[in-house]
Amino acid sequence: MTRDEVLRNVFGYETFRLDQQRIIDNVLAKRDTLVIMPTGGGKSLCYQIPALIFEGLTVVVSPLISLMQDQVSQLNQLGVSAVCLNSSLGLDEYEMNLLEIRSGKVKLLYLAPETLFLERTQRLLGQVPVDCLTIDEAHCISDWGHDFRPEYRKLIEVRRRLKGAVTVALTATATERVRADIREQLSIGAGDEFIASFDRKNLFLNVMHKDNPQSQVIGILREHAEESGIIYCYSRNQVDELAHFLHSRGFSVKPYHAGLADDTRANNQRLFIRDDVQIIVATVAFGMGINKPNVRFVIHHDLPKNIESYYQEIGRAGRDGLKADCYLLYSHGETNKIKFFIAQKDDEEKRVALSQLATLVNYAESEVCRRKTLLQYFGEEAADRCNACDICLNPPKEKTDFTVAAQKFLSCVKRTGERFGTTYVVDVLRGAKTQKILANGHDSLSTYGIGHDLSKTAWQAMGRQLVQQGFLKQEAEFGTLALTPLAIPLLKGETAFFGKTLAPESSGKIAAPAKKRELLANANAELFEILRRKRKELADEQNLAPYMIFSDKSLIDMSTRLPRNRAEFLEVHGVGEAKWQRYGEQFLFLINNYTENQTV
Ligand code: ADP
Ligand code: ZN
């Protein structure tokens, strides 16, 4: 079969994505290849299609045992002979897989590195022709990366012994340093490196001003009823609390973090993957081994660690290419808490952490297109407007001259001795009679009560903007405000201050949630549900995740096209010969049944 035939007949896809075609040709020409693609970009096909065309075996090294099993099951569903060897297999199964490999029937063998280095694995690979060595998560080979695994270095040795095998290295890590390191370690020429765009167009990016996270989360969940999503929190405690709260409100939700017992954690993950539970509330511990294609939203309840983790985490949404929503709940105040923690680190760590934080703050507070900001960070040019982020869909309002109010605020900070935080300063401005103010004698200041014309929230917004624009600096631990040199000319009336309206920022500002209605567009929602139930039933029977039977996209396509026979069924997205053989009749039956009832 040619690569195009494999794409259509085995995988059931119409066209190649991104650089897949060029990459596959490069691999088929037996040129060692490095593939850099974002999560969900479609890296797997880059070695799976060559594997089906090569005569011999393709060995795939991956550090993630759970993903390995997932890939093998998916390939088996496509009628491809793939097996894995790892420590999680029972002896019988292990032996059976060995037999199959020796017989030469197996096209893809998935292994953890430690299994690959075993003497007996090496012997095995000496007995069968190996045409391709695939190194998944290839950034693990670089100690510049975030996930260095020393055992990955030994792959260089193994590779030398596998003469005649082409090497394919794949990763979603984009930094130039790591890329150069992988190229050097594996001696892959720059001409054999393929870097796909990191723009995931189906991800809608939202940053929301975090003022009432619980109700904001609930608002988002209501927009995504019946859909799968992940909510990331900073700490285990927060995970437990939020999961508990959502559960009490009747949502289908489970927690996931490193503090849970191994089997609870594994079980919660399984429930999510199998569509038995819709929402996972998790720390960053969740996601590495997840391949679920129909995650429709990712919420960051707290600020992520850095922009790269953020990108990885939102990348888990919408792998199937359908629209998915990403929400970051952000409050400037929280960055002060983070700064406080950072202040306790040693110098080098502090420098890195502060610059990572600055990048995130810039992303969240900037008023240019979110996608443009993100892509620039990864060194990619982007259009000024993506029309798929909150900024593009709700352009920030014109700024207004708020010089007088700003002067009032700054001079109140100065008169109170630059020793207080926003709340206190605002109380003085509005002439509050708190004990603290009276005790400090601040009720006799000239700035006492000069701000009674504006609301508390308006003054707080003013304070935030003065910090954001650099007229005030806020000390990390207690949030104490102090003037910066920029403040002087403003106080003297030599410069002006332009800000956003001082009304509280709307917290309902959401770009455009990928509502199910919209996803289904011309499809038959009722039929989709019928097919979805069938899929779940078949998956449970075989102890598989539903997406291994058919992706959501396939079901949507079926409920739109309403195929009537084999030929039409094979036209459906993601349906190849094997899927037709296995499930075609059953789904055709339901579809025909449905259409007949409609016409009566
Ligand atoms: P990655 O490994 O880069 O995170 P995957 O290889 O898992 O991404 O692919 C993500 C999803 O996109 C999968 O569901 C896969 O089946 C689908 N996909 C990949 N290539 C194509 C294509 N050419 N046409 C349609 N769907 C594709
Ligand atoms: Zn945009």
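Here, every reference points to the structure presented above.
Remember, predicted model here, so these are calculated numbers, not experimental data. Once a new chain begins, its residue numbering starts again from 1 and follows that chain's sequence as written. Throughout, the order in which chains and ligands are written sets their labels, letters from A for the former and numbers from 1 for the latter. Totals for whole chains, interfaces and linings use every residue, but because this is a predicted model, local features are given only for residues with pLDDT of at least 70 and side-chain atom pairs only at 80 or more, for both listing and counting. Derived side-chain values reflect all non-hydrogen atoms in the structure, with water molecules and hydrogen atoms excluded from consideration.

A.B. asks: Honestly, the site of ligand 1 in this entry has me stumped. Any pointers?
C.D. replies: In these notes, residues near a molecule or strand are those with any non-hydrogen atom within 4 Å of it. Around ligand 1, the structure places 16 residues, and the nearest of them are Tyr13, Thr15, Gly40, Lys43 and Ser44. Polar contact is defined as a pair of N or O atoms within 3.5 Å, subject to the rule that within protein one atom must be able to donate a hydrogen and the other to accept it, and that residues adjacent in sequence are counted only when both atoms are side-chain atoms. Arg319 is positioned with one of its side-chain polar atoms (N or O) 3.2 Å from an oxygen atom of ligand 1. For this classification, Asp, Glu, Lys and Arg are treated as charged, while Ala, Val, Leu, Ile, Met, Phe, Trp, Tyr, Cys and Pro are nonpolar and the rest, including Gly, are polar. Residue classes in the shell around ligand 1 are distributed as four nonpolar, nine polar and three charged.

A.B. asks: I keep staring at the pattern of salt bridges and nothing clicks. Help me out?
C.D. replies: Oppositely charged side chains are able to pair whenever their charged atoms sit close together. A pair is scored as a salt bridge if a Lys or Arg side-chain nitrogen falls within 4 Å of a carboxyl oxygen belonging to Asp or Glu. This structure, assessed with the given rule, holds 32 salt bridges. Between Asp25 and Arg3 there is a salt bridge, with the nearest N and O atoms lying 2.7 Å from each other. A residue pair is termed long-range when its members are at least 10 positions apart, and Asp25 in helix H2 (residues 20-28) and Arg3 in helix H1 (residues 3-9) qualify at 22 residues. For each residue, the accessible area found with a 1.4 Å probe, counting protein chains only, is set against the maximum for its type, and the residue is called buried under 20%, exposed over 50%, and partly exposed in between. Judged by relative accessible area, Asp25 falls into the partly exposed class, the value being 33%. Each helix is a run of H or I in the DSSP string that is no shorter than four residues. Each strand is a run of E no shorter than two, and both are numbered from the N terminus.

A.B. asks: Can you walk me through the side chain of His139 in this structure?
C.D. replies: One can find His139 in the loop between strand E5 (130-135) and helix H8 (155-161). In this structure His139 comes out as buried when scored by relative accessible area, which is 3%. Two residues form a contact once any of their heavy atoms are found within 4.5 Å. The residues touching His139, leaving out its near neighbours within four places in the chain, are His146, Asp147, Thr171, Thr173, Val178 and Ile182.

A.B. asks: Help me out: how do you make sense of the sheet that holds E5 in this one?
C.D. replies: To summarise the sheet geometry, strands pair through backbone hydrogen bonds and adopt either a parallel or an antiparallel arrangement. Taken in spatial order, the seven strands line up as E3-E4-E2-E5-E6-E1-E7 in an open sheet, and their pairing is parallel. Sheet topology places strand E3 (82-85) and strand E7 (193-195) at the edges, where each strand pairs with a single neighbour. Direction aside, the axes of adjacent strands within the sheet are offset by 20° on average. As paired strands, strand E1 (residues 33-36) and strand E6 (residues 166-171) are joined by four bridges and run parallel to one another. If you follow Ile36 over to E6, its bridge partner there is Thr171. A strand pair is defined by DSSP finding two or more bridges across the two strands. Note on geometry: axes are C-alpha line fits, over the in-contact stretch for helices, and angles between N-to-C directions span 0 to 180 degrees.

A.B. asks: It is not clear to me how the environment of Gln586 should be interpreted in this structure. Could you clarify?
C.D. replies: Here Gln586 lies in helix H28 (residues 577-599). Separated by 277 residues in sequence, Gln586 and Ser309 place their C-alpha atoms 42 Å apart. Filtering out sequence-adjacent residues up to four positions away, Gln586 remains in contact with Lys534 and Leu538.

A.B. asks: Explain the packing of H2 against helix H3 (residues 44-53) here, please?
C.D. replies: Helix packing geometry: the angle between the two helix axes and the distance between the axes. As a packed pair, H2 and H3 sit with axes 9 Å apart at the nearest point and diverge in direction by 45°. Taken as axis vectors, H2 and H3 run oblique relative to one another. The handedness of the crossing between H2 and H3 comes out as right-handed. Across from Gln20, Ile23, Ile24, Val27 and Leu28 in H2, the residues of H3 making contact are Leu45, Cys46, Ile49, Pro50 and Ile53. Its residues placed into classes, the contact of H2 with H3 shows nine nonpolar, one polar and no charged. If an angle is under 35 degrees, it is roughly parallel; if it is over 145, roughly antiparallel; if it lies from 65 to 115, roughly perpendicular; otherwise it is oblique. We call a crossing left-handed when the near helix sits turned anticlockwise from the far one by less than a right angle, and right-handed when that turn is clockwise.

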